[in-house]
Amino acid sequence: MDRIRIRGGNRLSGTLPISGAKNAALPLMAAALLTDKTLTLSNLPYLADITSMSNLLLPLGVSVSVNGNGSARAGRVIELTAARIADTTAPYDLVRKMRASILVLGPLVARCGEAQVSLPGGCAIGTRPVDLHLKGLEHLGAEIELDSGYVRAKAPKGLRGGQVVFPFVSVGATENLLMAACLAKGESQLVNAAREPEIVDLARCLVAMGAKIDGIGTDKLTVQGVDRLGAASHRIVPDRIETGTYAVAAAITGGDIELVDTEIGLIEALGEILDAGGISVTATGRGVRVSCPNGRVRGVDVMTEPFPGFPTDLQAQIMALMATADGAAMITETIFENRFMHVPELMRMGANINVHGASAMVRGAKQLKGAPVMATDLRASVSLVLAGLAAEGETIVNRVYHLDRGYERLEEKLAACGADVERLKSG
Ligand code: UD1
């Protein structure tokens, strides 16, 4: 298995391009199941999860063609055409690799009146059930059964509009129900819907395909069902988690980086924390500049929340930063239980962290030290890379496949800004 080696201590500077958002691309690809016409998505990131989603869609009857400027490069274009649905079953072997596979359930049952999707796997962060997806589909008239590890959904006469009130905010359930509601008969309302930028992106694309959606960007989405959706071309929103991760890379190394092809509005909650910690975050014509005028950051408390609050997907990264800060920071995780797996690994690098339930008290250390480390999820892994950039000596991050699920050319992008980072190929 590949590993990443980092020799810490370099101050990062320069320009770093941000890719299209993984978490927008995955539901957008699933949306191709809603129409027999071609959906063209540009700014497609080059990531293992995108390949997993393609592999899931192909046997369902979706033709997938990827082009753009070179197959291994950023900014690719993907064309997805589900002229005919060949199969309505998403099998365990493909679904277990990625939790977002559950996003084919809503579109399949909306278009075909039935779907069988294996219960998903994905990152090992908490139990992560899919009950909200299933209850929501029941409100739209689907009959749901759980059988031998599969969700079996049926709506022989098609879905019908209904009101779905989410008891708490779920990104995936909002996406699944939004897609399903587009082809349901009549009006649907999604109340207490998630309003992450990736949902706004999905809704805009669905509208371009002919869907009728009101309230985009709010927590109440109203959808008038239509008989069919058509072709559309859509540019995927920049990845706010990648943007935030590299903003932290600038901060943790006392550096100065311009993140390009992204927008400051996508990382407002992080910007406020960095600003309070003494890091400058400003909009440029083509993205965001992050610099560290004093070379040090101050400890700031952070609590994760649904958008527009601080994203759980940046919690591990901000913890790495706070582990190097002057003073203490209380970091509270409210979205997922069991999302502190990076803590013991950061502690092996000299971080001073005490976890009490859903909160971690982080007392800044003068200097982190490099160590061999590994993590069990995507964002936890990248927090170790960030800590390695600030640490004295060598850090080896194992299980790089986690990083490859969500960060395109990570080592190349960091090295271009002066990091001493290298992928060590296995075998
Ligand atoms: C998405 C993101 C993920 C991010 C998360 C929260 C994608 C592909 N993944 O995941 O990176 O960390 O949003 O911003 O976009 N829950 C239930 N029942 C359900 C659904 C969710 O109890 O049916 C719980 C989850 O266990 C979790 C919380 O709700 O505690 C929020 O999860 P959700 O917003 O659904 O996350 P995902 O869509 O899986």
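Below is a summary of the structure that appears in this document. This one's a predicted model, so the numbers in the text were calculated from it and none came from an experiment.

Conventions used here
- Residue indices follow the written sequence of each chain, beginning from 1 at its first position.
- Only residues with pLDDT of 70 or above have their local features reported here, since the model is predicted, and side-chain atom pairs are shown and tallied only from 80 upward, although totals for entire chains, interfaces and linings are computed over all residues.
- Computation of side-chain values covers all heavy atoms of the structure but excludes hydrogens and water.
- What makes a salt bridge here is a side-chain nitrogen of Lys or Arg within 4 Å of a carboxyl oxygen of Asp or Glu, nothing more.
- Helix and strand definitions here come from DSSP, where helices need a minimum of 4 consecutive H or I residues and strands a minimum of 2 consecutive E residues; each element is numbered from the N-terminal end.
- Throughout this description, buried means an accessible area under 20% of the type-specific maximum (1.4 Å probe, protein chains only), exposed means over 50%, and partly exposed covers the range between.
- Here, a strand pair is defined by DSSP locating no fewer than two bridges between the strands.
- An axis is simply a line fitted to the C-alpha atoms; with a helix, the fit covers only the stretch in contact. Between two such axes, the angle follows the N-to-C directions and lies from 0 to 180 degrees.
- The criterion for a residue being near a molecule or strand is simple. One of its heavy atoms has to lie within 4 Å of it.
- Nitrogen and oxygen atoms within 3.5 Å of one another constitute a polar contact, given that in protein one can donate a hydrogen and the other can accept it, and given that sequence-neighbouring residues count only through two side-chain atoms.
- Contact definition: two residues touch when any of their heavy atoms are within 4.5 Å.

### Some remarks on the pattern of salt bridges
Counting across every chain of the model gives 20 salt bridges. The salt bridge involving Glu422 is made with Arg5; its shortest N-O contact spans 2.5 Å. Remark: Arg5 occurs in strand 1 (residues 3-7) and Glu422 occurs in strand 24 (residues 420-424); sequence separation between them is 417 residues. Between Glu198 and Arg240 there is a salt bridge, with its nearest N and O atoms 2.7 Å apart. Taken as a pair, Glu198 in helix 7 (residues 197-208) and Arg240 in helix 8 (residues 240-252) lie far apart in primary sequence, 42 residues in all. Given the relative accessible area of 4%, Glu198 is considered buried.

### Some points on the sheet that holds strand 16 (residues 280-284)
If you trace the 4 strands from one edge of the open sheet to the other, you get 2-15-17-16, paired in mixed fashion. The open sheet has two free edges, formed respectively by strand 2 (13-17) and strand 16, since each of these has just one partner strand. Sheet twist, expressed as the average angle between the axes of neighbouring strands with direction ignored, equals 20 degrees. Pairing of strand 15 (residues 256-260) with strand 17 (residues 287-291), which is carried by 5 bridges, proceeds in the antiparallel orientation. What sits directly across from Glu258, in strand 17, is Arg289.

### Considering the site of the ligand
Close to the ligand lie 19 residues, the nearest being Asp131, Leu132, Ser170, Asp313 and Ile335. Val130 places a polar main-chain atom, nitrogen or oxygen, 3.5 Å from an oxygen atom of the ligand. Here Leu132 contributes a backbone N or O atom positioned 2.7 Å from an oxygen atom of the ligand. Every element with two or more residues in the shell around the ligand is listed here: helix 5 (131-139) and helix 6 (171-182).

### What about the sheet that holds strand 10 (residues 163-165)?
Here we have 4 strands laid out as an open sheet, ordered 10-11-13-12, and mixed in their pairing. What marks the edges here is a single partner per strand, and that holds for strand 10 and strand 12 (212-214). Taken over all neighbouring pairs, the strand axes of this sheet differ in orientation by 15 degrees on average, direction set aside. As paired elements, strand 12 and strand 13 (residues 220-224) share 3 bridges and run antiparallel to each other. Among the inter-strand pairings, Lys212 is bridged to a residue of strand 13, identified as Gln224. Docked against the sheet, helix 6 engages strand 10, strand 11 (187-191), strand 12 and strand 13, running at close to 25 degrees with respect to strand 13.

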